[in-house]
Amino acid sequence: MTTTLGAYDDVLDRYAPVLGLETHVELGTATKLFCGCSTAFGAPPNTQVCPTCLGLPGSLPVTNEAAIEFTVKIGLALHCEIATWCRFARKNYFYPDMPKDYQVSQYDEPLCTDGYLDVVVGGEAFRVEIERVHLEEDTGKSLHVGGATGRIHGATHSLVDYNRAGIPLVEIVTRPVQGTGHKAAEVARAYVTELRDVLRDLGVSDVRMEQGSLRCDVNLSLMPAGATQLGTRTETKNVNSLRSVERAVRHEVERQGARLDAGERVVQETRHFHEDSGTTSPGRSKEEAQDYRYFPEPDLVPLAPARELVEGLRATLPEPPSVRRAAFAEVNGFTAIDLEQMVNAGVLDLVGETIAAGASPTKSKGWWLGYLVGRANELDVEVSELAITVAQVARISELEDSGELTNKLARQVADAVIAGEGDVDAVIESHGWKVAGEDELIVAVDAALAAQPDIAAKIRDGNQGAVGPIVGAVMKATGGAADATRARELILERAS
Amino acid sequence: MSDSELDAMAGQLDVILSAVGRVQQVAAADIPPTSHAVPLTNVFRPDTAAAGLSAEEALAAAPAAEQDRFRVPRILDDE
Ligand SMILES: [Zn+2]
């Protein structure tokens, strides 16, 4: 690939992006969709299987009632219509991740249709329209052997574990999302974040992206600004973290923009996302042309969710995340902008838990949004996966409030905890980190003033703006252990 | 095909076409195709676990197994 990448914003000055998101959610039922096998994650291979999910002759599927109810709840929470009658469909394909040689899915009769989910980015509301929500069975997991690093290309053979085969999987498909402009990547991330929170509040899935219980395919196309005809889209498969959703959109915008600028065409294809580089590469374009020969599943009778059942489930829906968040903001004195920033950075729950662990709302927000999100980005991990607990953040915040740590020292403590050096107090103890005492501070202030007599003179003449460099010098001399406010007072006092 | 085979087939084809004709009389545009012969909906089971197979049992009939997994031929041809 020799295409050069145009900068994201530059491309979006000239092209309008069109997004589409397909999200797969593994339901948190105790058993699989059509048999009584456990759905627990992490069991040894092929220990959660039976004749039905292995597709052995003579076995017959029976639908798990909880999976239907969970799917209807998801549809209702996304403001969808719930079908009065629909059928499962057989999707035929020859790939060993399904032992039956077909997957039971839904085709032209999904359980839920025509909904929406609202998200807010940069103070602007976007309505993402949902085309359909349908239920299907998940596939088995394949290990590809003999090729480079587990890739399917070049493998000599594959090994299949069917524990995951038959776990209920809900697919949520949006309509094309237009009008996002430069916010395309953030809207995509905000949508998946919001969807994850809705699903978690419903209690229908553990929505753990790192374990694959929430997986995302990102469709993107560009069209010249002002055009009405949609461009050629690519589908980036299995984008498995919130950060990656945003990065995948950014990358595809830049890649497609560079191609279009060079007069090349965008190839309609599926692409793979690479977590390490944040780039995509072409997958099999054959898939596009595949005919799955869908037909109504003869082994399962149609579904006809009774209206009483649907209304009963509607009555059990929790309040939407937006309402819950507004109440949270009110109680803690956060503004709408604070709230949006915390939601889209994925730290709202962490901030809430840090407050519950004893830190003030302002400090809790400041720690996560102002420091730890940045650290997570530097370390290339999700902020929720940083090796620091909310209790540890609350403890550091408490020591900062009581004056036992300066902000600089507090950040050093946080870094040491994240680096695995130990718990907060142990790290402070082992490094001997403590705020500089009054005597130490006076020595440092006098030395700094003596070293820069010109500045000291300015301060003496009443130029308070000149204090900054001296505060900086004091901070440096004390290794960040000086209380900046007290240092400032001392500088003014000692200079005159 | 021999003439005698063709004669036999012609007769059978006639029977098949007249059967199709009879179906077409009944299958008006407002009658949906039948996918299920029994008029049942909503057959469910509760979400309770049932014992399945052990890995050993599951793999017993597999043509090949490795690391407690089903061993299958390579999926993609070399490109
Ligand atoms: Zn099973």
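Residues numbered from 1 in each chain as written. Chains lettered and ligands numbered in written order. Predicted model: local features only at pLDDT ≥ 70, side-chain atom pairs only at ≥ 80, totals over all residues.

## A word on the overall build of chain B
Here is step 1 of the chain: What chain B contains, in helices and strands, is 2 helices and 3 strands.
Here is step 2 of the chain: Counting from the amino terminus, helix and strand elements in chain B follow one another as α-β-α-β-β.
Here is step 3 of the chain: Taking 79 residues into account, the globule formula puts the C-alpha radius of gyration at 12 Å, and chain B, at 26 Å, lies well above it.
Here is step 4 of the chain: With respect to the three principal axes, the spread of C-alpha positions in chain B is 60 × 45 × 30 Å.
Here is step 5 of the chain: The 79 residues of chain B split such that 6% are buried. (Helix = DSSP H or I, 4+ residues; strand = E, 2+ residues; numbered from the N terminus. Rg over C-alpha atoms; globule rule 2.2 N^0.38 Å. Buried ≥ 20, exposed ≤ 12 C-beta atoms within 10 Å, placed from the backbone.)

## With respect to the overall build of chain A
Here is step 1 of the chain: When its secondary structure is counted, chain A shows 17 helices and 15 strands.
Here is step 2 of the chain: Taken across its 496 residues, chain A has 45% of its residues classed as buried.
Here is step 3 of the chain: Sequence-distant contacts, at least 24 apart, represent 70% of the contacts inside chain A between residues at least 6 apart. (Contact = placed C-beta atoms within 7 Å.)

## A few points about the pairing of strand β13 (residues 270-274) of chain A
A regular strand places its side chains so that they alternate between the two faces of the sheet.
All names here are of chain A.
Here is step 1 of the chain: Residues of β13 alternate between two faces, with R271 and F273 buried on one and T270, H272 and H274 left unburied on the opposite face.
Here is step 2 of the chain: By the bridge criterion, 3 bridges tie strand β12 (residues 234-239) to β13 in an arrangement that is parallel. Across the sheet, the residue bridging to E235 is T270, located in β13.
Here is step 3 of the chain: Between β12 and its parallel partner β13, the chain crosses via helix α4 (residues 242-261), and the hand of that crossover is left-handed.
Here is step 4 of the chain: Two strands pair when backbone bridges link them, and β13 and strand β14 (residues 279-282) are joined in this way by 4 bridges, in the antiparallel orientation. Bridge pairing links H274 to T279 in β14. (Pairing = 2+ DSSP bridges. Right-handed = clockwise from strand over helix to strand, strands pointing away.)

## Some words on the confidence of the model for chain B
Residues and elements named next belong to chain B.
Here is step 1 of the chain: The share of residues in chain B with pLDDT of 70 or more is 95%, and the mean pLDDT across the chain is 87.
Here is step 2 of the chain: At the level of individual helices and strands, chain B shows its lowest average pLDDT in helix α1 (residues 3-26), which scores 87, and its highest in strand β1 (residues 44-45), which scores 97.
Here is step 3 of the chain: For this predicted complex, the interface confidence comes out at an ipTM of 0.76, alongside a pTM of 0.82. (pLDDT = per-residue confidence, 0-100.)

## Concerning the interface of chain A and chain B
Here is step 1 of the chain: Taken together, the contacts link 38 residues of chain A with 30 residues of chain B.
Here is step 2 of the chain: Among the elements of the structure, β2 (63-64), α2 (65-77) and β9 (157-161) of chain A are those that each provide at least two residues to the side of chain A that touches chain B.
Here is step 3 of the chain: Broken down by element, the side of chain A that touches chain B gets its largest block of residues, 5 residues, from β9(A).
Here is step 4 of the chain: For the side of chain A that touches chain B, the per-class residue count stands at 22 nonpolar, 13 polar and 3 charged.
Here is step 5 of the chain: Of the pairings in the sheet, the one linking β9(A) to strand β3 (residues 69-73) of chain B comprises 4 bridges and is antiparallel in character. Along β3(B), the bridge assignment pairs A:H157 with B:P73. (Nonpolar A, V, L, I, M, F, W, Y, C, P; charged D, E, K, R; others polar.)

## A closer look at helix α13 (residues 424-431) of chain A
Residue and element names in this part refer to chain A.
Here is step 1 of the chain: For α13, the set of buried residues is V424, V427 and I428. Taken down its axis, α13 places every buried residue within 100° of arc, on the same side. Facing away from the buried side of α13 by more than 90 degrees, the exposed set consists of A426, E429 and S430.
Here is step 2 of the chain: Where α13 is buried, its residues contact α11 (390-401) and α12 (407-418). (Arc of directions from axis to C-beta.)

## Section: the sheet that holds β9(A)
Here is step 1 of the chain: Ordered by their spatial adjacency, 4 strands build an open sheet running β8(A)-β9(A)-β3(B)-β2(B), and the pairing between neighbours is antiparallel. The open sheet has two edge strands, β8 (141-145) of chain A together with β2 (65-66) of chain B, and neither has a second partner.
Here is step 2 of the chain: As paired strands, β8(A) and β9(A) are joined by 5 bridges and run antiparallel to one another. Looking at the pairing, A:H144 lines up with A:S158 of β9(A).

## Considering helix α14 (residues 438-451) of chain A
Residues and elements named next belong to chain A.
Here is step 1 of the chain: Relative to the 20 Å expected for 14 residues at 1.5 Å per residue, α14 spans 20 Å between its end C-alpha atoms, a close match to the ideal helical length.
Here is step 2 of the chain: When α14 is considered as a whole, its buried residues turn out to be L441, A444, V445, A448 and L449. Seen from one end, α14 has its buried residues packed into an arc of 130°, which puts them on one side. Within α14, the exposed residues directed more than 90 degrees away from the buried face are D439, A450 and A451.
Here is step 3 of the chain: Buried residues belonging to α14 abut α15 (453-460), α16 (467-477) and α17 (484-495). (Expected span 1.5 Å × (residues − 1).)

## Focus: the domain arrangement of chain A
Residue and element names in this part refer to chain A.
Here is step 1 of the chain: For chain A, the assigned domains read domain 1 (8-314), domain 2 (321-431) and domain 3 (438-495).
Here is step 2 of the chain: Contact residues are listed per partner, giving 14 residues for domain 1 and 7 residues for domain 2.
Here is step 3 of the chain: Secondary structure elements with two or more residues in the side of domain 1 that touches domain 2: β6 (112-121), α3 (184-202) and α4.
Here is step 4 of the chain: A total of 8 residues in the side of domain 1 that touches domain 2 trace back to one element, the largest contributor, which is α3.
Here is step 5 of the chain: When grouped by side-chain class, the residues that make up the side of domain 1 that touches domain 2 number 5 nonpolar, 3 polar and 6 charged. (Domains from an automatic or database assignment.)

## As for the nonpolar core
Nonpolar side chains tend to gather and get buried jointly when the protein is soluble and globular.
Residue and element names in this part refer to chain A.
Here is step 1 of the chain: V187, A188, Y191 and V249 are the most contacted members of the largest nonpolar core, which totals 85 residues.
Here is step 2 of the chain: Take this core: its biggest share by element is 10 residues, from α3.
Here is step 3 of the chain: Each residue touching A188, except ones within four places of it in the same chain, is listed here: L19, L21, V218, V245, E246 and V249.
Here is step 4 of the chain: In this structure, V347, V417, A456 and A473 belong to the second largest nonpolar core, which totals 50 residues. (Core = buried A, V, L, I, M, F, W, Y, C linked by C-beta atoms within 7 Å.)

## Side note on the environment of A:K73
All names here are of chain A.
Here is step 1 of the chain: Tracing the sequence through the fold places K73 in helix α2.
Here is step 2 of the chain: Since 23 C-beta atoms lie within 10 Å of it, K73 is described here as buried.
Here is step 3 of the chain: On a C-alpha basis, the gap between K73 and G203 in space is 9.8 Å, while along the polypeptide they are 130 residues apart.
Here is step 4 of the chain: Ignoring any residue separated from it by four or fewer positions in sequence, one finds K73 in contact with L202, V204, L313 and L317.

## Quick notes on the sheet that holds strand β15 (residues 295-296) of chain A
All names here are of chain A.
Here is step 1 of the chain: Strand order across the open sheet formed by 3 strands is β5-β4-β15, with antiparallel pairing between neighbours. Strands with a single pairing partner mark the edges of an open sheet, and in this sheet they are β5 (102-105) and β15.
Here is step 2 of the chain: Bridge count for strand β4 (residues 89-92) against β5 is 4 bridges, and the pairing is antiparallel. In the sheet register, K91 faces β5, and the bridge partner there is Q103.

## With respect to the pairing of β12(A)
Here is step 1 of the chain: For strand β11 (residues 214-224) of chain A and β12(A), the ladder comprises 4 bridges, and the chain directions are antiparallel. Within β12(A), the position partnered with A:L220 by the bridge is A:T234.

## As for the packing of α14(A) against α17(A)
Residues and elements named next belong to chain A.
Here is step 1 of the chain: At their nearest, the axes of α14 and α17 sit 10 Å apart, and the two run at 55° to each other. Looking at the two axes, α14 sits oblique to α17. Seen from above, α14 lies across α17 with right-handed handedness. Listed contacts from α17 to L441, I442, V445, D446 and L449 of α14 are R486, A487, L490, I491, R494 and A495. (Axes fitted to C-alpha atoms, helices over the stretch in contact; angles between N-to-C directions. Parallel < 35°, antiparallel > 145°, perpendicular 65-115°, else oblique. Left-handed = near helix turned anticlockwise from the far one by under 90°.)

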